[in-house]
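Here's the letter readout for the chains.
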Amino acid sequence: MNKREFTVADEYIYNRRSPLRWIWSHILRYPLMPIAIFLGNIGTSGLYSLGTVLTGIAFDMILAPDTDWSQLLWLSLATMGAFSGVGIIDLAKLAFVELLAQRMERDAREELYISLLGKSQTFHNRQRVGDVMARATNDVQQLNLMISPGISLIFESALFTLVPLIAIAYVHLDLLLVPLLFLASFAWALRRYNDELNPVTGALREQFGVTNARLAEAISGIEVVKGYAQEMKERQIFGLNARRYRDLFVQEGWVKARYLPLLFFGVAFGLAFAHALALFLGGVLSVGDVISYMGLIGVLRFPTFISLFSFSLVQLGIAGAERILDLIKAESELDENADGLARPIAGEITFENVTFDYDGEPILKRISFHARPGETIAIVGQTGAGKSTLTRLVNRTYDVREGRVLIDGIDVRDYSLQSLRSQISTIEQDIFLFSRTLAENIAFGAAGAATRDQIEQAAREAHAHDFIMKFPDGYDTVVGERGVTLSGGQRQRIAISRAFLTDPRILILDDSTSAIDSATEDQIQRAMRRILHGRTTLLITHRISQIRWADRILVLRQGELVAQGSHDELMASSEAYRRIFARYTADEDSAARDVALAPAQQA
Ligand code: ADP
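As the structure is a computational prediction, the values presented were derived from the model and not from experiment.

What follows deals with helix α8 (residues 231-257). In this model, α8 (27 residues) spans 38 Å end to end at C-alpha, consistent with the 39 Å of a helix rising 1.5 Å per residue. Those residues of α8 lying buried are Glu234, Asn241, Leu248, Glu252 and Val255. Those residues of α8 hidden inside the fold are in contact with α6 (177-220) and α7 (222-227).

What follows is the structure, encoded as structure tokens:
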């Protein structure tokens, strides 16, 4: 079993050892469906063959010197019954097939989504969103098409081959000669066809993912694309990808065009007729036998013709299944430790000789420090020193490589991930808001349990209430995409509201890049000051004012903790701190000058 950060209790367990087994286990989730479909196919093919044989018998009756007309009437009624039976059973069978296909699509999509939610941050960093989307939409849909009409047609084809053969044997055993020869050549040609088609369909799915990923990237990064006037380049790359996709399609078309079984069928049909006539002339067969036989041979055209589509649908489905399964099975680094400790924490943080890297290059080296519950620890250092990385180890966005991170004296890995993360809030520099209402955004961490009053209360504490009320829709204002765009300061206050509502014991506040630029700056500072109160806080900051809030300051340089202590202690003892502090002061002075020159900017 893979490591996962998220599971649901009643998840259905599928066999994931190979794409075929996986597909099969999805089908077997509804065991009655394949049985019903199978019986339906037996019914339709049996009744169809019966109708054809009855037609032949009717011919013999008419040609006989003493035709029994009443018997012929019964025969024609029986023939009608057989053919209408085919229609009725077909209807029911198609309903089952469709139901199975839709359920399978839904189940696979759910399975994939749950698995994506359970993957580690490291995993998601590796993925390209567009490719994941292609798999989650297109490949999953391909599963649906594989069942309906793909597998359903193959099923039907098999029975529409087998049952007419039995009927032919019933007419006369010798007549099996041509159809069996035909089937042998059909099987050979089909195999060859599939071998040729397989790599092309795989490449086609792959290329679709690549094209989609690139497009998604260009669109989500549209600001950069436009800003650097790279539209032409993006267009060229898209054109190139689209061309590759088209070429593969054309290649697929070539393979399909060279489909031999239909040619074989034409030859077989002629041979069958010759054979039947020879037997007729030899007195072995009656006219009716010849007609039944030719009718039954005609039935074989259906599986021959339809296999051109059905097999490629199944190939595409399997290729899609493989890609979905790759994603579901991809190694994830973190485990949710569902049975771990789940209890309220006080908020004591200890780093013991912590070493960490993302991909080999050490980013944090033997870091040790201690924060008592409620303390504010400021982290300072140059960009890239590892400040954000350090804070991400607390809520296990990543796990340490060496050493330990302890909360209340217990290794973070011993907590249940859900319990741990629900008691730690992070306010990042880059605040992500969902395209939902402001109220929903604020209540995000409270899992829908917050009332409107609580949401408003949190927003008031974060000094967000006033600007929210200025929007015509207030708390129901939709953010992003088709809604309003918020400024950095507003986003920050929404994030602070979010944190007030979840009321975490540990707070991580990454305030390193927000510019000192506005009239509402003061409100944000006050909101921050208030949210820190009574919580253990790791505060990444460049601001002198905020550094003064801290009980202790950690000075990071290239992943090493070079000094820690209070502001005064560090000023006295640490050369590195004095340098950083001098630079921050210079930054603030120049920022203050900028503000003075551009006074009317709104937060
Ligand atoms: P700071 O917050 O001090 O600016 P960071 O912790 O963001 O520093 O980054 C420290 C180093 O880790 C940088 O060299 C950065 O390139 C690298 N880094 C940050 N995030 C990742 C990531 N997700 N994958 C790989 N390297 C990363």
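All right, on to the site of the ligand then. The environment of the ligand is formed by 13 residues, the closest being Gly384, Gly386, Lys387, Ser388 and Thr389. Residue Tyr358 places a side-chain N or O atom 3.4 Å away from a nitrogen atom belonging to the ligand. Coverage of the ligand by the protein chains reaches 64% of its 550 Å² of free accessible surface. Residue contributions to the shell around the ligand peak at 4 residues, all from helix α12 (residues 387-392).

Here the focus is the environment of Gln490. In this fold, Gln490 is placed in helix α17 (residues 488-502). Along the sequence, Gln490 and Ile468 sit 22 residues apart, while their C-alpha atoms lie 8.9 Å from each other. Of the polar contacts made by the side chain of Gln490, one reaches the backbone nitrogen of Ser487; its length is 3.0 Å.

Here we come to the nonpolar core. Generally speaking, soluble globular proteins have nonpolar side chains that are buried together. Counting 35 residues, the largest nonpolar core has Ile427, Ile442, Ile455, Ile468, Ile494, Ile496 and Leu501 as the members making the most contacts within it. Mapped by element, the contributors of at least two residues to this core are α14 (438-442), α15 (452-461), α16 (465-470), α17, β7 (506-510) and α18 (521-532). When residues of this core are assigned to their parent elements, the largest contribution, 6 residues, is made by α17. When residues are assigned to domains, this core turns out to be shared by domain 2 (347-423 + 506-603) and domain 3 (430-503), each giving three or more. In contact with Ile494, not counting residues within four places along its chain, are Leu433, Leu438, Asn441, Ile442, Phe467, Ile468 and Leu486. Ranked by size, the runner-up nonpolar core spans 32 residues in total, among them Val354, Leu390, Tyr415 and Ile506.

Now for the domain arrangement of the protein. Considered domain by domain, the protein is made up of domain 1 (19-329), domain 2 (347-423 + 506-603) and domain 3 (430-503). The distance between the C-alpha centroids of domain 1 and domain 3 comes to 51 Å.

On to the environment of Lys119, then. Structurally, the position occupied by Lys119 is in the loop between α3 (69-117) and α4 (121-126). Between the alpha carbons of Lys119 and Asp335 there is a distance of 8.8 Å; along the sequence they are 216 residues apart. At a separation of 2.7 Å, a polar atom in the side chain of Lys119 contacts the main-chain carbonyl oxygen of Ile328.

With that settled, consider the packing of aromatic side chains. Two aromatic rings, taken as a pair, are described by how far apart their centres are and by the angle between their planes. Evaluation of the coordinates by the stated rule reveals 20 aromatic pairs. Taking 5.3 Å as the distance between ring centres and 75° as the angle between the ring planes, the aromatic pair formed by Tyr48 and Phe83 counts as edge-to-face. One end of the pair, Tyr48, is in helix α2 (residues 32-63); the other, Phe83, is in helix α3, with 35 residues separating them in the sequence. For the pair Phe467 and Phe471, a centre-to-centre distance of 6.3 Å together with 85° between the ring planes defines the contact as edge-to-face. Members of the aromatic cluster, connected to one another through ring pairs, are Tyr48, Phe83, Phe160 and Phe302. In this structure, Arg29 is placed above the aromatic ring of Tyr12, and the distance from its NZ or CZ to the ring centre is 4.4 Å.

Turning our eyes to something else, we now look at the pairing of strand β9 (residues 552-557). Across the 6 residues that make up β9, a large majority, 5, are buried. Of the strand pairs in this sheet, strand β3 (residues 376-381) and β9 are connected by 5 bridges, and their pairing is parallel. Counterpart to Ile379 in the pairing with β9 is Leu554. For β9 and strand β10 (residues 560-565), the ladder comprises 5 bridges, and the chain directions are antiparallel. The partner of Arg557 across the bridge, within β10, is Glu560. Hairpin geometry of β9 and β10 is characterised by an intervening segment of 2 residues between the two adjacent antiparallel strands and by a positive phi of about 45° at Gln558.

This part covers the packing of helix α10 (residues 287-299) against helix α11 (residues 301-329). Orientation of α10 relative to α11, taken along the N-to-C sense of each, is 10°, at an axis distance of 4 Å. Looking at the two axes, α10 sits roughly parallel to α11. The segment α10 lies against α11, with Ile297, Gly298 and Val299 engaging Arg301, Phe302 and Pro303. Of the residues assigned to the contact of α10 with α11, the class counts are 4 nonpolar, 1 polar and 1 charged.

The rules we used
- Residues numbered from 1 in each chain as written.
- Predicted model: local features only at pLDDT ≥ 70, side-chain atom pairs only at ≥ 80, totals over all residues.
- Heavy atoms only, no water.
- Helix = DSSP H or I, 4+ residues; strand = E, 2+ residues; numbered from the N terminus.
- Expected span 1.5 Å × (residues − 1).
- Buried < 20%, exposed > 50% of the residue type's maximum accessible area, 1.4 Å probe, protein only.
- Contact = heavy atoms within 4.5 Å.
- Near = heavy atom within 4 Å.
- Polar contact = N/O pair within 3.5 Å; in protein donor to acceptor, adjacent residues only side chain to side chain.
- Areas by Shrake-Rupley, 256 points an atom, 1.4 Å probe, with all protein chains shown as cover.
- Core = buried A, V, L, I, M, F, W, Y, C linked by side-chain atoms within 4.5 Å.
- Domains from an automatic or database assignment.
- Phe/Tyr/Trp six-rings, centres within 6.5 Å; stacked < 30°, edge-to-face > 60°.
- Lys NZ or Arg CZ within 6 Å of the ring centre and 35° of its normal.
- Pairing = 2+ DSSP bridges.
- Axes fitted to C-alpha atoms, helices over the stretch in contact; angles between N-to-C directions.
- Parallel < 35°, antiparallel > 145°, perpendicular 65-115°, else oblique.
- Nonpolar A, V, L, I, M, F, W, Y, C, P; charged D, E, K, R; others polar.

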